[in-house]
Amino acid sequence: MSAIFKDHDVAGHPKAKWWTSRVAIYAALFFWTVICLFPIYWTLTTSFKLAPDVMRGNMVPWWDFTPRWKGWESIGLSPRLIGEVSTVREEFFKRFWNSTVISLSSSLLAVVLGSLAAYGLSRFNYRFGFMRNSDISFFFLSQMILPPVVLALPFLVLYKSLGLLDSRIGLILLYTLMVLPIVIWIMRDQFQGIPIELEEAALVDGLGVWGAFIQIVLPIALPGMVAAFILSLVLCWNEYFFAALLTSTNATTLPVMVASQTGSQGINWWSMAALSSAAILPLVIVAIFLEKYIIKGMAAGAVK
Amino acid sequence: MIVEGDLLHTVTADHISDRRKRLGKLLVWGTALLGFALALWQMAFETGRVASGFDTWRPVLYAYMLWATALCAAQVIVNGEKGKRTLFVLPAALFVISLVLFPLLFALYISFTDWNLASPNGPQPNGLANVREMWNDEFYWNALKNMVYYVLAVSVEYVIAFGLALLLNSQIRARKFFRVVFLLPLMLSPVAVSWMIGKSMLEVRFGPISRLLRDVGIEPSFFGSPEIARFMIMAMDAWTFIPFMMIMLLAGLQALPSEIIEASKVDGATGWQSFKEVIFPLMLPVSVTAIVIRIIFKLKLADIIINVTSGGPGGATDSVTSFIFREYRDRSNVGYGTLLAIVYLVLIIIFVTAMLKLVSRWMERPA
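For clarity, every value in this text was computed on a predicted model and none was experimentally measured. Each chain carries its own residue numbering, running from 1 in the direction its sequence is written. Each chain gets a letter, beginning with A, and each ligand a number, beginning with 1, in the order they are written. Only residues with pLDDT of at least 70 get local features here, since the model is predicted, and only at 80 or more are side-chain atom pairs given and counted; chain-wide, interface and lining totals rely on the full set of residues.

Concerning the overall build of chain A
Logical step 1: When you go through chain A residue by residue, the secondary structure sums to twelve helices and zero strands.
Logical step 2: Going residue by residue from the N terminus, the α and β elements of chain A occur as α-α-α-α-α-α-α-α-α-α-α-α.
Logical step 3: Computation of the radius of gyration draws on C-alpha atoms, with the globule rule given as 2.2 Å multiplied by the number of residues to the power 0.38. Since a compact globule built from 304 residues should have a radius of gyration of about 19 Å, the 26 Å found for chain A marks it as more spread out than a globular shape.
Logical step 4: Counting other C-beta atoms within 10 Å of each residue's C-beta, where C-beta atoms are placed from the backbone, gives the exposure class: buried for 20 or more, exposed for 12 or fewer, partly exposed between. The burial tally for chain A puts 44% of its 304 residues in the buried class.
Logical step 5: Sequence separation of 24 or more characterises 71% of the internal contacts of chain A that already satisfy a separation of 6 or more. Helix and strand assignments follow DSSP, with helices taken as H or I runs no shorter than four residues and strands as E runs no shorter than two, numbered in order from the N terminus. Throughout, a pair of residues is in contact if the C-beta atoms placed from their backbones lie within 7 Å.

As for the overall build of chain B
Logical step 1: On a plain count of helices and strands, chain B comes out with 14 helices and zero strands.
Logical step 2: Counting from the amino terminus, helix and strand elements in chain B follow one another as α-α-α-α-α-α-α-α-α-α-α-α-α-α.
Logical step 3: The principal-axis extent of the C-alpha atoms belonging to chain B is close to 75 × 60 × 35 Å.
Logical step 4: The proportion of buried residues among the 367 residues of chain B is 34%.

With respect to the interface of chain A and chain B
Logical step 1: The interface of chain A with chain B comprises 86 residues on the first partner and 81 residues on the second.
Logical step 2: Looking at which element gives the most residues to the side of chain A that touches chain B, the answer is helix 12 (residues 269-300) of chain A, with 15 residues.
Logical step 3: Polar here means any residue outside two lists: the nonpolar Ala, Val, Leu, Ile, Met, Phe, Trp, Tyr, Cys and Pro, and the charged Asp, Glu, Lys and Arg; Gly therefore counts as polar. Of the residues contributing to the side of chain A that touches chain B, the split by class is 63 nonpolar, 17 polar and six charged.

Points about the packing of helix 3 (residues 81-110) of chain B against helix 14 (residues 334-363) of chain B
All names here are of chain B.
Logical step 1: Between N-to-C directions, angles span 0 to 180 degrees; the directions come from axes that are lines fitted to C-alpha atoms, helices contributing only their stretch in contact. The contact between helix 3 and helix 14 brings their axes to 8 Å, and the two run at 120°. Taken together, the axis directions place helix 3 and helix 14 in an arrangement best described as oblique. Crossing angle aside, the handedness with which helix 3 passes helix 14 is left-handed. For the pair helix 3 and helix 14, contact is made by A107, L108 and I110 and by V334, G335, T338 and I342, respectively.
Logical step 2: Residues of the contact of helix 3 with helix 14, tallied by class, amount to five nonpolar, two polar and no charged. Each angle is binned into one of four classes, with values under 35 degrees roughly parallel, values over 145 roughly antiparallel, values of 65 to 115 roughly perpendicular, and all other values oblique. When the near helix sits turned anticlockwise from the far one by under a right angle, the crossing is termed left-handed; a clockwise turn instead gives a right-handed crossing.

A closer look at the nonpolar core
Logical step 1: Joining buried Ala, Val, Leu, Ile, Met, Phe, Trp, Tyr and Cys residues through C-beta atoms within 7 Å gives a set, and that set is a nonpolar core. Within the largest apolar cluster, 164 residues are counted, with the highest numbers of intra-cluster contacts made by A117(A), V183(A), M246(B) and L249(B).
Logical step 2: Listed in part, the seven residues of the second largest apolar core include V60(B), Y64(B), W67(B) and A70(B).

Section: helix 9 (residues 226-255) of chain B
Logical step 1: Multiplying 1.5 Å by the residue count of a helix minus one yields the expected span of that helix. When the terminal C-alpha atoms of helix 9 of chain B are compared, their 42 Å separation across 30 residues agrees well with the 44 Å that a helix rising 1.5 Å per residue should span.
Logical step 2: At T240(B), helix 9 of chain B shows its maximal bend, which comes to roughly 40°, and the proline P243(B) appears one to four places after that position. A residue's bend is the angle separating two fitted axes: one through the seven residues that end there, the other through the seven that start there.

Here we look at the domain arrangement of chain A
Residue and element names in this part refer to chain A.
Logical step 1: Taken domain by domain, chain A comprises domain 1 (12-73) and domain 2 (87-300).
Logical step 2: Of all the secondary-structure elements, those providing two or more residues to the side of domain 1 that touches domain 2 are helix 1 (2-46) and helix 3 (70-73).
Logical step 3: Counted by class, the side of domain 1 that touches domain 2 contains four nonpolar, four polar and two charged residues. Where each domain starts and ends comes from a domain assignment, either automatic or drawn from a database.

Side note on the environment of W32(A)
Logical step 1: Inspection of the secondary structure puts W32(A) in helix 1.
Logical step 2: With 20 C-beta atoms packed within 10 Å, W32(A) lands in the buried category.
Logical step 3: With 143 residues separating them in the primary sequence, W32(A) and Y175(A) have C-alpha atoms 32 Å apart.
Logical step 4: Leave out the neighbours within four places in its chain, and W32(A) touches L164(B) and F182(B).

Observations regarding unusual backbone geometry
All names here are of chain B.
Logical step 1: Positive phi values are uncommon outside glycine, yet A174 reaches one of about 55°.
Logical step 2: Since 11 C-beta atoms lie within 10 Å of it, A174 is described here as exposed.
Logical step 3: Even without a glycine there, the phi angle at S310 is positive, about 50°.
Logical step 4: Within the secondary structure layout, S310 lies in the loop between helix 12 (303-308) and helix 13 (320-331).
Logical step 5: Exposure remark for S310: the 16 C-beta atoms within 10 Å place this residue in the partly exposed category.

Structural notes on the environment of A153(B)
All names here are of chain B.
Logical step 1: Along the chain, A153 falls in helix 5 (residues 138-169).
Logical step 2: Spatially, the C-alpha atoms of A153 and M134 are 26 Å apart, while their sequence positions differ by 19 residues.
Logical step 3: Leave out the neighbours within four places in its chain, and A153 touches M234 and A238.

As for the packing of helix 9 (residues 209-238) of chain A against helix 12 of chain A
All names here are of chain A.
Logical step 1: For the pair helix 9 and helix 12, the least separation of the axes is 8 Å and the interaxial angle reads 125°. Regarding the angle of helix 9 to helix 12, the classification is oblique. The interaxial crossing formed by helix 9 with helix 12 has left-handed handedness. Residues P223, V226, A227, A228, I230, L231, V234 and W237 of helix 9 form the contact with helix 12, whose own contacting residues are L283, V286, L290, Y293, I294, K296, G297 and M298.
Logical step 2: In terms of residue class, the contact of helix 9 with helix 12 is built from 14 nonpolar, one polar and one charged.

Thoughts on the environment of A110(A)
Logical step 1: By secondary structure assignment, the location of A110(A) is in helix 4 (residues 87-123).
Logical step 2: Sequence-wise, A110(A) and W69(A) are 41 residues apart; in three dimensions their C-alpha atoms are separated by 40 Å.

Structure representation (C-alpha cells):
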C-alpha cells in the first residue's frame, strides 16, 4: 500500500514543479509585456481623450471615456479636417517628409559606402601608409565612440560658412557618418560568411572584381544589407541632438517638432499624444513587419 | 583577422602607359590646385583683400568633392587592377576622414578661443583660460560624476536583459509575439519617450503612475530630489535600450550548442547549476560585447535628459552631452563648450581603450 503512495508521490512532484515554472515564466513574460506596451497604449489612447478624461484618469476607450478626434485635429489629421486646407497639417507633413527623406537617404548612402568598404576589407589586403587592414577596420569602427557633442559645434560653424545650415543635405551627411560604423560592423560579418570560392569561380569565368561583387556577392548579401539599412533607418529617424542644433525652420525633423512642443507652458495633452503617436507609428509598423531583419542586424556582431 | 596576401587572388597583367599615369596625376593635382585657388580667393574675399567673391564657401566644397572624385578615378587610371580594389575602401575612408578629421582639427582650434556666438569679435585665442574655467566648473565635474552613475546602471540593465533573453529562449508559445513586443521600446525615439513617460505618465497630478502611487499611499515626486530624478532618467533610458542587449544575448543563447546543456542535464545539474556552470561561462563573450557596445551608447546619453529635466534639479541628472548642449544653446559659448567636448572625448578614448584592454581576453570565444 505504501509503495503505491510513494509511486504516486514521485510521479506527481515533477508535474507540480513543471506547472509552477510554467506559471512563473508566463507571469514574467506578461509583466514585461505590460511594461513595454503600456506607455504606447497610454499615448495612443490619450490622443483620443479630452481634458476631463485626462484629469479623471480614464483609461479604457468606450468604457470610461468616449474617444474624440480633438488631439488629431490639432495636427490636422481627423475625419472632419482631412478634406480641408490646414496649415498645421502642412507643417506636420513637412517635418514628416524631412524625416523620411533624411533618414532614407542617409541610410542608403551609409549602406552603399559601408558595404563597399566592408567587402574590400574582408577580401583584399590594403596598405595606406602604416595602416593595414585591421587598422583600417579599427579606424572605421572607432568612429562609434565619437560623441556627437564633439562634432556638433564645429559642424555648426562649418555648415554656416558652407551655407548648409538648416538644410537636408547637411543632416544627411552627418547621419551617414553616424551610422557608417554600425553598417560596416554588420556588413563585414556578412561578407566573411560568404565563401570566397564563389567569387573565384566568377573570376575564372571572366568577371572583374567589381563584376563579381555586383553580380555574385551582392544578391547573397542582400538580407544583411536590408538589416543594416533598417537599423540605420531607426537610428536616423530618432536622432535628435544634431537636428536640434543644426536646423531651425526648413529642415527640422519630427523629433525636433515633438521636443519643441514639450517646451511650451501648459502642454496640450491630447495634441502632444497625437503628435508622439504619429512620430512613433512608422517605426512601430516597421518593427512589427520587419522584426526579422532588425534582430538579424543586431545579432550580427554578437555571434560569430 | 590579419591575412597575408589577398584573400581573393586576382592575377592580371596591367600595362599602364606613361601617358595614362601622367593623366591620372594631372587629374588629381589639377583639381587639388583648383580647390586651393578657390579657397585662397574666398579667404582673400572674406578678409577684404579682393572685391568680388562668393557668398558662402560652397564652391570650395564643390571643388573638394571634384578632387575626391578625381582621386578615386585616378586610382583606376594610374594603378589599373590594384586601383579597382582600392576603390572599395577609398570612398568610405575619404568620407569619414573629411567629415571627422577636419571638424576635429577645427574643434581643437576653437576650444582654445573665447568664441561666443553672441559676441561680434569672432574667435580670439585666449590660451588656457578655458581650461582654467573648466577646472573650476563644478557643474562639469558633476556631469562627469553623473556619467559614472549612468554607466554603472548598465549592469542592472544587463541583468534584466539576460533574464528576458532566457525567458524568450525557454519553451514558450507565441515566442514571436513576445519578441516583437519586447523589441518595440527600442524603436521609439528618445524624444517621444521623454514625452510619453517622462512628461505624461510621470506627471505629478494626472499621470497614471502618480495616480497608482497615490492609491498606494505615497505622495509622488519624480523629479524633485536628485537621487530619484537620476533614477527616473536611468529607468527611462533602460526602458528604451534593454531590448538592444536582450536581442544580442538572445542571439548568443540560440547559438549555444544544445548538446552541452543536455549533457549537463543528464549529469544531474539543476536549472540554476547548469546556468551558473555552463550557460553563463559560454555566454561570456557575447555578454562582454553587448555590455561594451551598450556602454559606448550610454556615453552619448542626452536626448531624454534635455527633454525631461534639462539637467535639473541642480544638475543632478546632467550628462556631459546635455550639459554642453545647454552651454551652447543657452549661452552660445562655442569656445568653452568645445573645450569641454574635447576633454570629454579624450576621457572617453582613455576609458574605452582601457576597458577594451581589460575585457578583450573574455571577448574571445573559448575554444
